[in-house]
Number of protein chains: 2
Amino acid sequence: MLSRHADLYSIGEEEIEALEVGAAILGTGGGGNPYIGKLRALQVLREGRKMRVLPLQALPDDAKVVSVGGIGAPLISHERIKEGREGLRCIRALEERLDFKIDAIACEEIGGQNAMEPLIVAALADLPVVDCDGMGRAFPEMQMTTYSIYGHRSTPSAMCDLHGNVVIFDHAASELWHERLARACVIAQGGASSLASAPMPGVFVKRFAIPDSYSRAISLGRTVREAQRNNADAVEAICRFEQGQLVFTGKISDVRRELKGGFVAGEARIEGFDKHEGDVASIIIQNENLVFSRNGKTEVVVPDLIVILDIDTGEAITTELLRYGQRVSVLALPCHPLLRTPEALAVVGPAGFGLGHLNYLPLDDVNAPGAGPTEDAKQ
Amino acid sequence: MLSRHADLYSIGEEEIEALEVGAAILGTGGGGNPYIGKLRALQVLREGRKMRVLPLQALPDDAKVVSVGGIGAPLISHERIKEGREGLRCIRALEERLDFKIDAIACEEIGGQNAMEPLIVAALADLPVVDCDGMGRAFPEMQMTTYSIYGHRSTPSAMCDLHGNVVIFDHAASELWHERLARACVIAQGGASSLASAPMPGVFVKRFAIPDSYSRAISLGRTVREAQRNNADAVEAICRFEQGQLVFTGKISDVRRELKGGFVAGEARIEGFDKHEGDVASIIIQNENLVFSRNGKTEVVVPDLIVILDIDTGEAITTELLRYGQRVSVLALPCHPLLRTPEALAVVGPAGFGLGHLNYLPLDDVNAPGAGPTEDAKQ
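Cut-offs and rules
- Residues numbered from 1 in each chain as written.
- Chains lettered and ligands numbered in written order.
- Predicted model: local features only at pLDDT ≥ 70, side-chain atom pairs only at ≥ 80, totals over all residues.
- Heavy atoms only, no water.
- Salt bridge = Lys/Arg side-chain N within 4 Å of Asp/Glu carboxyl O.
- Helix = DSSP H or I, 4+ residues; strand = E, 2+ residues; numbered from the N terminus.
- Buried < 20%, exposed > 50% of the residue type's maximum accessible area, 1.4 Å probe, protein only.
- Core = buried A, V, L, I, M, F, W, Y, C linked by side-chain atoms within 4.5 Å.
- Contact = heavy atoms within 4.5 Å.
- Least-squares fit on C-alpha atoms with pLDDT ≥ 70 in both.
- Pairing = 2+ DSSP bridges.
- Axes fitted to C-alpha atoms, helices over the stretch in contact; angles between N-to-C directions.
- Phe/Tyr/Trp six-rings, centres within 6.5 Å; stacked < 30°, edge-to-face > 60°.
- Lys NZ or Arg CZ within 6 Å of the ring centre and 35° of its normal.
- Buried area = accessible area lost by both parts, 1.4 Å probe.
- Polar contact = N/O pair within 3.5 Å; in protein donor to acceptor, adjacent residues only side chain to side chain.
- Nonpolar A, V, L, I, M, F, W, Y, C, P; charged D, E, K, R; others polar.

- As recorded by an unreviewed UniProt entry, chain A carries the name DUF917 domain-containing protein and is attributed to Hoeflea prorocentri.

Right, here's the structure in full:
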């Protein structure tokens, strides 16, 4: 029984509070604000359920691991609260369809509220959560996981909503077809449901998952909280922890945002102040922050992380909470190397978002001397 | 083995040709033109497959009967031909999900191309088709069968498209939820797929299916063909066979038609000639012909059948083939009593189509002396 494994570590209320902060930052504006997920996670803990995380390398090769998460538009999941057991019903439907028991839960995306969902489902199912995820951040579509990119076929999968509907995507002609069909269903279900993908063997997860996602997000959250307590610069602490860079500071001057095909799509404009006085930045959004431009010139591109933070608290602002007048810092954080291979960039690089006219230039290279007008290069 | 049952009767090429004509008339404009389905059925027969129909009353009480049909917009199913085994894959997916074998195939709707699909699937699966259907005509939505109306829960169901995608609607919160989710998926799949519903016990089918649908549609088709051969009045022959009435003759003067949410919706206008000179008729369409009005006054309302026929040949014109200038006869045929109960009218009466301001008045009552301006009453 994996849930009795010696290497397991426990998640308590302090970890959930820190995870809320860390997951919001790694959400790069998307994945949904983890606040409501946090409340649900705390409720599950207070009911006496156990949340246990298993280090990725402790996972047995033959373990059957199922990733689970919310699917839909974050905006909707804030306005219409989950019934609570959607994810558990997904697991049960998948077990019934496949006629075997699942050994562990994995996270699809550590960014945003999908960081909470696997912990909640695993606690309800008395299973461990593996310390990993499929994105190392948030992305808007299901085929955008390292699981799918590196060859896992995510069907049969099970999708459940708060009405009690259970849909099994038994076979999809491709990962993109799975996304299309699930997206059509989630829109019909009101825009926010849960989905559990086909089981992966432990050996595959160890090789292709983004490692240590829960440890990282929790530590990142603690770093921010500690800076806040010490009146230190939280933004600077995040950059240090994530080896990222502060690329802009300014005031939100315009937010264009619409619900389109189940996604939040749009653009935010930021008028610079302090040392960015006179500059104008723009951020293209599709659930997440995808492209950062300064004075019309593209600087940071997905899959690197673009994070909008409240300039005072250092806490992340998700795309659906962006408002005129907010004073923000914009950070650029390098993505995991598993997202930078050619096969990954075909799915989660600019071309994967209909932005094929943009080239992906890794953040570290941008940051190299003479490579472009980044924060450091300008000074 | 039901497929060796003594009461079975065979369907050959002559029956398929007659069924094409009869099913098109019973389609009341919808259900798709059966022509392409006929070609597919003939192809299956020529490959040496057997098509066998089992009389409804010969069905054993404990037989497991699955209804199967096409789902989507008829217009699309004409432009994008099926791969051919979508329906068979639905049956197989359902058998795998439920872990038992299916005994017989039933028809969802005898009107239009869905009359052909069960024969094709049954021939490929070497199963009999029961002589019945769930509509006695065509309707645009899945919950509009006597199966659903009288208590059958149609999930788990399986839906397959020509790409190879297999979706199982494992549980739906209601029959309407099943329709909504399947509709969302079929639109994502390109607008024309196949769906097999949860098995029904034979005893249920015998009580709540519309009986003798295949015998009736084939005989109706033969009646038309015979009238054509004898230069007799095919329209008059149909009215006599179906105990219906000729309500209008005229020329199509306008067709408004659009694809909306996976349906063909619109209205046709007909300018009368001969004894209807000076009158204008209008027919409201949602895949099928729903409401017939004369000079602005409603006369025939769904679920009674409104059939538009070519005035010379007596063959049905489906809504997607209506064109300016066609010379047509409009018939009104009474629906089966199972569609006239209060529980049926709530689903397939005018209120089921967003036409709640209209009252359903059974055709026979309309036709009674003094009940309204029908064809006979006017003369």
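1. Describing the pattern of salt bridges
Move 1: The final tally for this structure, using the stated rule, is 42 salt bridges over all chains.
Move 2: Two residues, Glu117(A) and Arg40(A), come together in a salt bridge whose shortest N-O distance is 3.0 Å. Linking Glu117(A) in helix 5 (residues 116-125) with Arg40(A) in helix 2 (residues 35-46), this pair joins segments that are 77 residues apart in sequence.
Move 3: Taking relative accessible area as the criterion, Arg40(A) reaches 17% and is therefore assigned buried.
Move 4: Across the salt bridge formed by Arg294(B) and Glu299(B), the nearest N and O atoms sit 2.6 Å from each other.
Move 5: Taking relative accessible area as the criterion, Arg294(B) reaches 4% and is therefore assigned buried.
Move 6: Connected through salt bridges with shared partners, the residues Glu14(A), Glu15(A) and Arg222(A) form a single ionic network.

2. Observations concerning unusual backbone geometry
Move 1: The residue after Thr155(B), namely Pro156(B), is reached through a cis peptide bond having omega 0°.
Move 2: Going from Val302(B) to Pro303(B), the amide bond is cis rather than trans, its omega being 15°.
Move 3: As for its position among the elements, Pro303(B) is in the loop between strand 16 (297-301) and strand 17 (305-310).
Move 4: With phi around 45°, Thr28(A) is a residue other than glycine that occupies positive phi space.
Move 5: Following the sequence through the fold, Thr28(A) ends up in the loop between helix 1 (13-26) and helix 2.

3. Some words on the nonpolar core
Move 1: If you look at the biggest cluster of nonpolar residues, it comprises 186 residues, and the most contacted ones within it are Leu19(A) and Leu19(B).
Move 2: Residue contacts for Leu19(B): discarding those within four places in its chain leaves Ala24(B), Ile110(B), Ala115(B), Met116(B), Leu119(B), Tyr214(B), Ala217(B) and Ile218(B).
Move 3: In this structure, Cys185(A), Leu195(A), Ile71(B) and Ala172(B) belong to the second largest nonpolar core, which totals 24 residues.

4. Comments concerning the relation of the copies chain A and chain B
Move 1: Superposition of chain A onto chain B requires a rotation of 180° combined with a translation of 0.0 Å along the rotation axis, giving an RMSD of 0.0 Å. What we have between these two chains is a two-fold relation. Looking at the rotation axis and the C-alpha trace of chain A, the residue lying nearest is Ile168(A), at 2.4 Å.
Move 2: Both copies share a contact surface, since 100% of the interface residues of chain A are interface residues in chain B too.

5. Concerning the pairing of strand 12 (residues 245-260) of chain B
All names here are of chain B.
Move 1: For strand 12 and strand 18 (residues 327-333), the ladder comprises six bridges, and the chain directions are antiparallel. Within strand 18, the position partnered with Leu246 by the bridge is Leu331.
Move 2: Sheet analysis places strand 12 next to strand 13 (residues 263-272), joined by ten bridges and oriented antiparallel. Pairing of Ile252 across the sheet is with Ile270, part of strand 13.

6. Details of the sheet that holds strand 15 (residues 288-294) of chain A
Residue and element names in this part refer to chain A.
Move 1: Pairing in this open sheet of seven strands is antiparallel, and the strands run 16-15-14-13-12-18-17 from one edge to the other. Strand pairing shows two members of the sheet lacking a second neighbour, strand 16 (297-301) and strand 17 (305-310), which therefore form its edges. For this sheet, the mean angle separating the axes of adjacent strands, direction not counted, is 35°.
Move 2: Here strand 15 runs beside strand 16; their pairing, made up of four bridges, is antiparallel. Each residue of the ladder has a partner; that of Arg294, found in strand 16, is Lys297.
Move 3: Across the sheet, helix 10 (residues 234-242) touches strand 12 (245-260), strand 17 and strand 18 (327-333), and the angle it forms with strand 18 is around 10°.

7. Brief notes about the packing of aromatic side chains
Move 1: One pass over the structure, following the stated rule, counts eight aromatic pairs over all chains.
Move 2: Pairing Phe204(B) with Phe208(B) gives two aromatic rings, centres 5.1 Å apart and planes at 50°, and the pair type is tilted. Taken together, the residues span about one helical turn, with Phe204(B) and Phe208(B) both in helix 8 (residues 202-208) at a distance of four residues. In terms of burial, Phe204(B) and Phe208(B) fall into one category: buried.
Move 3: An aromatic cluster is built from Tyr150(A), Phe204(A) and Phe208(A), whose rings are joined through pairwise contacts.
Move 4: Seen from the ring of Trp177(A), Arg180(A) lies directly overhead, with NZ or CZ sitting 4.4 Å from the centre.

8. Re the interface of chain A and chain B
Move 1: Of the residues lining the interface, 20 residues belong to chain A; the matching set on chain B comes to 20 residues.
Move 2: The largest contributions to the chain A side of the interface with chain B come from Asn165(A), Trp177(A) and Leu181(A), which together make up 25% of the buried area.
Move 3: Linking chain A to chain B there are two salt bridges.
Move 4: A salt bridge links Glu96(B) to Arg97(A); its shortest N-O distance comes to 2.9 Å.
Move 5: In this structure, the connection of chain A to chain B is made through nine residue pairs in polar contact (both at pLDDT 80 or more).
Move 6: Residue assignment for the side of chain A that touches chain B shows that the elements contributing at least two residues are helix 4 (86-98), strand 8 (166-171) and helix 7 (175-188) of chain A.
Move 7: When the residues that make up the side of chain A that touches chain B are grouped by side-chain class, the tally is eleven nonpolar, five polar and four charged.
Move 8: Note that strand 8 of chain A and strand 8 (residues 166-171) of chain B share five bridges and pair antiparallel. Counted as the bridge partner of His171(A) is Val166(B) from strand 8 of chain B.

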